[in-house]
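Structure at a glance
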Amino acid sequence: MTEQNKRVVDKVGNVYQLGKELGRGGQGAVFAVENGNYAVKIIFDSSPKRRNHFKKQWKELWSLTDENGKLFDIEKLFIARPREMLKAPQLGYVMELLTDMVPISKLINVPKNVNCLVKWYMQRGGLLRRIMLLASRAESLAQLHGKGHVYSDPSPNNIFISKDINNNDIIRFIDADNLQHESSSSSVNVYTPEFGAPELVREKSGVNTLTDAHAFAVIAFKALSLVHPLMGDMVNDGEPELETEALEGRLPWIDDPEDDKNSTTQGFPRDIVLSPYLIELSKKCFGIGLNQPKIRPGVGQWAERLY
C-alpha cells in the first residue's frame, strides 16, 4: 500500500492510520491500526454490486438471531466485534482487536530459514497449545452452527491468538462479515485457497456447516502435523494442475490406506501428533467424507476429540 492509502476514514469521520498487514483471505486483507486496539479489513472487490451486497451483510450482521429469534452477541462466540463501515472509495470496516495478537498461521507456516523443525514447533507452545487453541475454535464454530449460522471462510489468517505462548484464552475470529444464515440466498461463496471444501472449489455447493467443517479440519491437520492433508509429494512435485485436482477432491489424500500415490514424507508422523481418535476423524473427513459431505465429521466432533 502507498502512504496515501494507508489512511482510511470510517462513516462517522474517524481517521485510522493502517500499520502492518495481519492476514489475507479470500475476500480481503486485514491491517492493524497504529496506536489503538483496532484492525481494519479492506475488501478487495469494491464494485457497486459488491458494495450493495456488503451493505446488506452489515445490516444482517447486527440482527443475527438464534433459532428462537433472540439476538445474540457475537463476542460470546469469540468473534472480533465490528465497529463502523469505511467511507468510500474504500470498502471494508473497522473491528476491535486486542494488541499483541497474531494469526494462527504463525503456528502453521514454517519460515524457510528454520533449521530445526522440532525446536521451532516447541518454541511456539508445542503440541498441547495447538490442541487447546484448536479445541476452543472448534467449540465456537459448533456453537455458531447450532444457532443456524455459518462462518463461511475459516482459514489460518482469520483465527487470531495471543503472541504469548502461555496464553490460550485470548482467541478471536476476525472477519465478522463472513457470518451468515446457513439458508441465506444472498451468500457469496468465498473461500481461502487450500481451505475450500471440494464442493465449493468445483462450484457445486454454497457454504454451509460442512464446508466450514472441511476448512477447520484442514487447519487442524496442518497446525498439528505441519502438512496439508491433500498435498502429497505427487502434488508438490508435479504440475500445477495436480494441485487443482487435489483441492477438487479428485486425488487420494496423503494418508489414504488404499492408495498411496499422493503420500508424503513431509510434516510430523501423524501417529505422534494425532491421537487415534483424531486419526480416525481425519480418515473420515479426507477419505470418504471428502466428496460426500453428509458423511464428513462436523466441527462438534472435532471439538470433542481435541478436548
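For the structure itself, look to the data block above.
Calculation rules
Residues numbered from 1 in each chain as written. Predicted model: local features only at pLDDT ≥ 70, side-chain atom pairs only at ≥ 80, totals over all residues. Heavy atoms only, no water. Helix = DSSP H or I, 4+ residues; strand = E, 2+ residues; numbered from the N terminus. Polar contact = N/O pair within 3.5 Å; in protein donor to acceptor, adjacent residues only side chain to side chain. Contact = heavy atoms within 4.5 Å. Salt bridge = Lys/Arg side-chain N within 4 Å of Asp/Glu carboxyl O. Buried < 20%, exposed > 50% of the residue type's maximum accessible area, 1.4 Å probe, protein only. Pairing = 2+ DSSP bridges. Axes fitted to C-alpha atoms, helices over the stretch in contact; angles between N-to-C directions. Patch = residues over 30% accessible without salt bridge, like charges linked within 9 Å, V, L, I, M, F, W, Y side chains within 5 Å. Areas by Shrake-Rupley, 256 points an atom, 1.4 Å probe, with all protein chains shown as cover. Expected span 1.5 Å × (residues − 1). Arc of directions from axis to C-beta.

Let us now look at the side chain of Asn-167. When you line up the elements, Asn-167 lands in the loop between strand S9 (159-162) and strand S10 (171-173). At 2.9 Å, the side chain of Asn-167 forms a polar contact with the backbone nitrogen of Asp-169. Setting aside residues no more than four positions away along its own chain, Asn-167 makes contact with Arg-129 and Ser-162.

Attention now moves to the pattern of salt bridges. Where charged atoms from two side chains of opposite charge come close, those side chains can pair. A complete count under the given rule lists eight salt bridges for this structure. Here Arg-250 makes a salt bridge to Glu-248, at a shortest N to O gap of 2.7 Å. A residue is classified by how much of its surface remains accessible, and Glu-248, at 17% relative accessible area, is buried. Its salt-bridge partner being Arg-270, residue Asp-255 comes within 2.8 Å of it at the nearest N-O pair. Of the two residues, Asp-255 is situated in the loop between helix H7 (240-247) and helix H8 (270-273) and Arg-270 in helix H8; the sequence distance between them amounts to 15 residues.

Take the sheet that holds strand S4 (residues 38-43) next. Taken together, the six strands give an open sheet; going across it, the order is S1-S2-S3-S4-S6-S5, and neighbouring strands pair in antiparallel fashion. The open sheet terminates on both sides in strands that have one partner only, identified here as strand S1 (7-9) and strand S5 (82-85). Neighbour-to-neighbour, the strand axes of this sheet turn through a mean angle of 40°, independent of strand direction. Where S5 and strand S6 (residues 92-96) come together, three bridges link them in antiparallel fashion. When the bridges of S6 are listed, Met-85 appears paired with Tyr-93. Packing against the sheet, helix H1 (residues 48-61) makes contact with S4, S5 and S6, and its axis sits at approximately 145° to S5.

There is a patch of nonpolar side chains on the surface, built from Leu-128, Met-132 and Tyr-307 and spanning about 340 Å² of accessible area. Tracing the chain through its elements places Tyr-307 in the segment after helix H10 (299-306).

Here we come to helix H9 (residues 276-288). Helix length check: H9 (13 residues) gives 18 Å between terminal C-alpha atoms against 18 Å at 1.5 Å per residue, within 8%. Buried within H9 we find Leu-278, Leu-281, Ser-282, Cys-285 and Phe-286. The buried residues of H9 all sit within an arc of 105° when viewed along its axis, so they share a single face. Away from its buried face by more than 90 degrees, H9 exposes Pro-276 and Tyr-277.

With that settled, consider the environment of Val-30. Examined against the element boundaries, Val-30 turns out to sit in strand S3 (residues 28-33). Classification of Val-30 by relative accessible area gives buried; the value is 3%. Spatially, the C-alpha atom of Val-30 lies 27 Å from that of Leu-127, the residues being 97 residues apart in sequence.

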